[in-house]
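Understanding the architecture of this molecule
Letter by letter, the chains look like this.
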Amino acid sequence: DKGQDFHKIEIKTITYFGDGEPELKIKQKEFETKNPETYILVRVDKKKLHLVELLGKISRDQFDKDKVAKRYGRYNPDNWVVPLSKMEKL
């Protein structure tokens, strides 16, 4: 794609169902190179791939204001993260 899943919208999918709040995670390098207006966070159960749960949405500007740096493991890339509680529920 041209850096967006839909016109000015980037869909991010998680498979996390554990304790703690779902998070929208954007690799820092991706945030520098892609410029969608809106991010949408969805969740998929690996055992039920035909079902998608819409969790929340956030504008790029708001994501930029609320983001915090986080790395999920020593050898994984640096990310910007915003928790679902800071997003508009869908």
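Computed from a prediction, not measured in an experiment: that's the story for all the values here.

Brief notes about the packing of aromatic side chains
Under the criterion given, the structure shown has 2 aromatic pairs. With a centroid separation of 5.7 Å and 40° between ring planes, the pair formed by Phe31 and Phe63 is classed as tilted. A residue pair is termed long-range when its members are at least 10 positions apart, and Phe31 in helix H1 (residues 28-33) and Phe63 in helix H2 (residues 60-66) qualify at 32 residues. Taken individually, Phe31 and Phe63 each receive the classification buried, so the pair is uniform in this respect. Note on Tyr39 and Phe63: the rings are 5.3 Å apart at their centroids and 50° apart in plane angle, and the pair reads as tilted. One end of the pair, Tyr39, is in strand E3 (residues 38-45); the other, Phe63, is in helix H2, with 24 residues separating them in the sequence. The same class applies to Tyr39 and to Phe63, which are both buried. In textbook terms, an aromatic cluster arises when at least three aromatic residues are bridged by ring pairs, as seen for Phe31, Tyr39 and Phe63. Taking NZ or CZ as reference, Arg43 lies 4.4 Å from the ring centre of Phe17, over its face.

Digging into the pairing of E3
Counting buried positions over the 8 residues of E3 gives 6, a clear majority of the element. The pairing of strand E1 (residues 9-14) with E3 spans 6 bridges and is classified as parallel. Looking at E3, one finds that Thr13 is bridged to Val42. Of the pairings in the sheet, the one linking E3 to strand E4 (residues 48-59) comprises 7 bridges and is antiparallel in character. When the sheet's bridge partners are listed, Leu41 is paired in E4 with Gly56.

Some points on the pairing of strand E5 (residues 68-71)
Pairing of E5 with strand E6 (residues 78-83), which is carried by 4 bridges, proceeds in the antiparallel orientation. Note on E6: the bridge partner recorded for Lys70 is Asn79. In sequence, E5 turns back onto E6 through a hairpin of 6 residues, with Gly73 there showing a positive phi of about 110°.

Each value, and the rule that gives it
- Residues numbered from 1 in each chain as written.
- Predicted model: local features only at pLDDT ≥ 70, side-chain atom pairs only at ≥ 80, totals over all residues.
- Heavy atoms only, no water.
- Phe/Tyr/Trp six-rings, centres within 6.5 Å; stacked < 30°, edge-to-face > 60°.
- Helix = DSSP H or I, 4+ residues; strand = E, 2+ residues; numbered from the N terminus.
- Buried < 20%, exposed > 50% of the residue type's maximum accessible area, 1.4 Å probe, protein only.
- Lys NZ or Arg CZ within 6 Å of the ring centre and 35° of its normal.
- Pairing = 2+ DSSP bridges.

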